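Here is how the chains run, residue by residue.
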Amino acid sequence: MFSDRIKDEFPTLKNDTGLVYLDSAASTQTHQSVLDRMNRYYEEQRCNANRGDFPISQQVSADIELAREQVAELINAKPEQIMFTAGATEGLNIIAEWYKDAPYVIITEAEHTANILPWIAQGRTIDNGRLIVLPVTERGTLDTNKACELLANYPNGVLSIHSHSNVTGIGTDYKKLTKAAHDQGIRVIIDGCQTIGTHEFDPYTVDHAVFSGHKMYGPTGIGFMYSRLPYERFRSVRLGGGSVVSYDLNGNVDFYDGPAKHEVGTPNIAGILGLGVAAEYTNYMGYDGMKKHFTDIDFALSDTDIFNIKGLELVFPSYRQNGRYVYTFNCNGFHPSDVSAYLGTQNIATRVGKMCAHPIVNKLSGGKGLLRVSPGIYNTKEDIEKLSEGLCKAIAKLV
Ligand code: PMP
């Protein structure tokens, strides 16, 4: 487990020492170095980027490119493959627009709403055959071999799937699926939101991937897209200042090359600079170190007997000691909202409900909703003990 002192590096945890924060799959805490960087922009460098000939504007423009390099390094990509977005939702909406003419879009039943609604908005449904949904089992897992076989029915479509589920923490074998998809001429989009803060993401040969800053100890409202395919190839679906070299009023537009083509308007400068530092911090902590930390947390959870509480059934119980960072429970004999509300009164943050992934949650819980506990790198054994105590008290009251 990382040192207990790490909590002091996360301002909200430092300032509210009673808070037991176990909702990191919804949003991780922001590291102090990220805040410092964002503040430094507002306190010392406040100006617009890419437009000024004066020193701070030139420096900020260079710093934005440094952030792009920091983010690229985290996923072992090239800076020109990284485009800043407002988050994974925006990234997925942009990509969906690029592929709106695809004959089929294949998703899994475990996708986040952000990877379902942009496709549904195009008039795709299961019934009209333009939306293909790969089912998950009752345990929340995807049968990869079966999924690979199914892909053969949908040549030239688009496969848009997560790399880790925000509901269960279970990972998909996205590399195997990507290979099978490419064999059929299917493009691959990965929602890497739940991977980036906890597990190494390998862009492999995926075509596009999206991520959010607030899942990797960074700021909210900023994220990034990775694209293996050059950005110039894709239509600019957002239009505006800064993305063009020149244009005339007869409709001739000369766009910039690379991600700049799609990064319109004044960017979220503080967010980008903070995101760069968050990427550096994540790199510094290292995915191997995180895996060890989450394994220790897993042991701490086992030690408190949380997995044996009557009525609290862990989804996919065999997925243990493997850097697991999301624990989701079905509640039998009581409602998950009552449990989380009681925990809330004890300043213990968990999450309950459909978790923006209605199809899988409905399947796993029969529509009732699930209770999710998602630790981060700052959680301690003491947090887990408090959670266990809170859960036991809550359930004793409810049954
Ligand atoms: N996909 C997944 C798997 C997520 O967990 C989330 C965030 N809950 C999103 C997409 C949306 O990300 P953002 O908040 O950056 O728009």
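Residues numbered from 1 in each chain as written. Predicted model: local features only at pLDDT ≥ 70, side-chain atom pairs only at ≥ 80, totals over all residues. Heavy atoms only, no water.

**Focus on the overall build of the protein**
Step number 1: Helix and strand counts for the protein come out as 12 helices and 15 strands.
Step number 2: Here the protein has a C-alpha radius of gyration of 22 Å; the compact-globule value for 399 residues is 21 Å, and the two agree.
Step number 3: A principal-axis box enclosing the C-alpha atoms of the protein has dimensions of 70 × 55 × 30 Å.
Step number 4: The burial tally for the protein puts 56% of its 399 residues in the buried class. (Helix = DSSP H or I, 4+ residues; strand = E, 2+ residues; numbered from the N terminus. Rg over C-alpha atoms; globule rule 2.2 N^0.38 Å. Buried < 20%, exposed > 50% of the residue type's maximum accessible area, 1.4 Å probe, protein only.)

**Comments concerning the sheet that holds strand β12 (residues 327-331)**
Step number 1: Judged by pairing direction, the sheet is antiparallel, and its 4 strands sit side by side in the order β11-β12-β15-β14 without closing on themselves. Sheet topology places β11 (312-314) and β14 (351-353) at the edges, where each strand pairs with a single neighbour. Between one strand axis and the next, the sheet turns through 30° on average, direction left out of account.
Step number 2: Where β14 lies against strand β15 (residues 370-373), 3 bridges are found, and the strand directions are antiparallel. For glycine 353, the partnering residue across the bridge sits in β15 and is leucine 370. (Pairing = 2+ DSSP bridges. Axes fitted to C-alpha atoms, helices over the stretch in contact; angles between N-to-C directions.)

**A look at helix α11 (residues 358-365)**
Step number 1: Buried within α11 are the following residues: Ile360, Val361, Leu364 and Ser365. In an axial view of α11, the angular spread of the buried residues amounts to 105°, which keeps them on one side of the axis.
Step number 2: Here the buried face of α11 lies against β12, β14 and β15.
Step number 3: Phi turns positive, to about 65°, at glycine 366, one or two residues after α11. (Arc of directions from axis to C-beta. Contact = heavy atoms within 4.5 Å.)

**With respect to the pairing of strand β5 (residues 158-162)**
Step number 1: With 5 of its 5 residues buried, β5 lies for the most part within the structure.
Step number 2: Summarising the sheet, strand β3 (residues 105-108) and β5 pair through 2 bridges and their orientation is parallel. Across the sheet, isoleucine 106 pairs through a bridge with leucine 159, a residue of β5.
Step number 3: Relative to strand β6 (residues 187-191), β5 runs parallel, the two sharing 5 bridges. Paired with leucine 159 across the two strands is valine 188, which belongs to β6.

**A short note on the side chain of arginine 37**
Step number 1: Along the polypeptide, arginine 37 turns up in helix α2 (residues 32-44).
Step number 2: In contact with arginine 37, other than residues within four places in its own chain, are Gln45, Asp63, Leu273, Gly274 and Val277.

**Digging into the sheet that holds strand β2 (residues 82-85)**
Step number 1: A sheet is described by the order of its strands in space; here 7 strands give the open sequence β2-β8-β7-β6-β5-β3-β4, paired in mixed fashion. The open sheet has two edge strands with one neighbour each: β2 and β4 (131-134). Each adjacent strand pair in this sheet contributes to an overall mean axis angle of 20°, direction not counted.
Step number 2: Summarising the sheet, strand β7 (residues 208-212) and strand β8 (residues 223-227) pair through 5 bridges and their orientation is antiparallel. Across the sheet, the residue bridging to serine 212 is glycine 223, located in β8.
Step number 3: Where helix α3 (residues 55-74) meets the sheet, it contacts β2 and β8, and its direction lies at approximately 110° from that of β2.

**Some remarks on the side chain of serine 165**
Step number 1: Looking at where serine 165 falls in the secondary structure, it is placed in the loop between β5 and α7 (174-183).
Step number 2: For serine 165, the side chain forms a polar contact with the main-chain nitrogen of valine 167, separated by 2.9 Å.
Step number 3: Of the polar contacts made by the side chain of serine 165, one reaches the backbone nitrogen of threonine 168; its length is 3.0 Å. (Polar contact = N/O pair within 3.5 Å; in protein donor to acceptor, adjacent residues only side chain to side chain.)

**Description of the nonpolar core**
Note on soluble globular proteins: their nonpolar side chains tend to be buried together.
Step number 1: Of all hydrophobic cores here, the largest spans 66 residues; its most connected members are Ile75, Leu159, Phe224 and Ile377.
Step number 2: Broken down by element, this core gets its largest block of residues, 10 residues, from helix α8 (residues 269-285).
Step number 3: If we skip the residues at most four places from it in the chain, phenylalanine 224 touches Val71, Ile75, Ile82, Met83, Phe84, Thr85, Ile196, Ala209, Val210, Phe211, Met216 and Leu275.
Step number 4: Val20, Leu301, Ile309 and Leu314 belong to the second-largest nonpolar core, a separate cluster that totals 25 residues. (Core = buried A, V, L, I, M, F, W, Y, C linked by side-chain atoms within 4.5 Å.)

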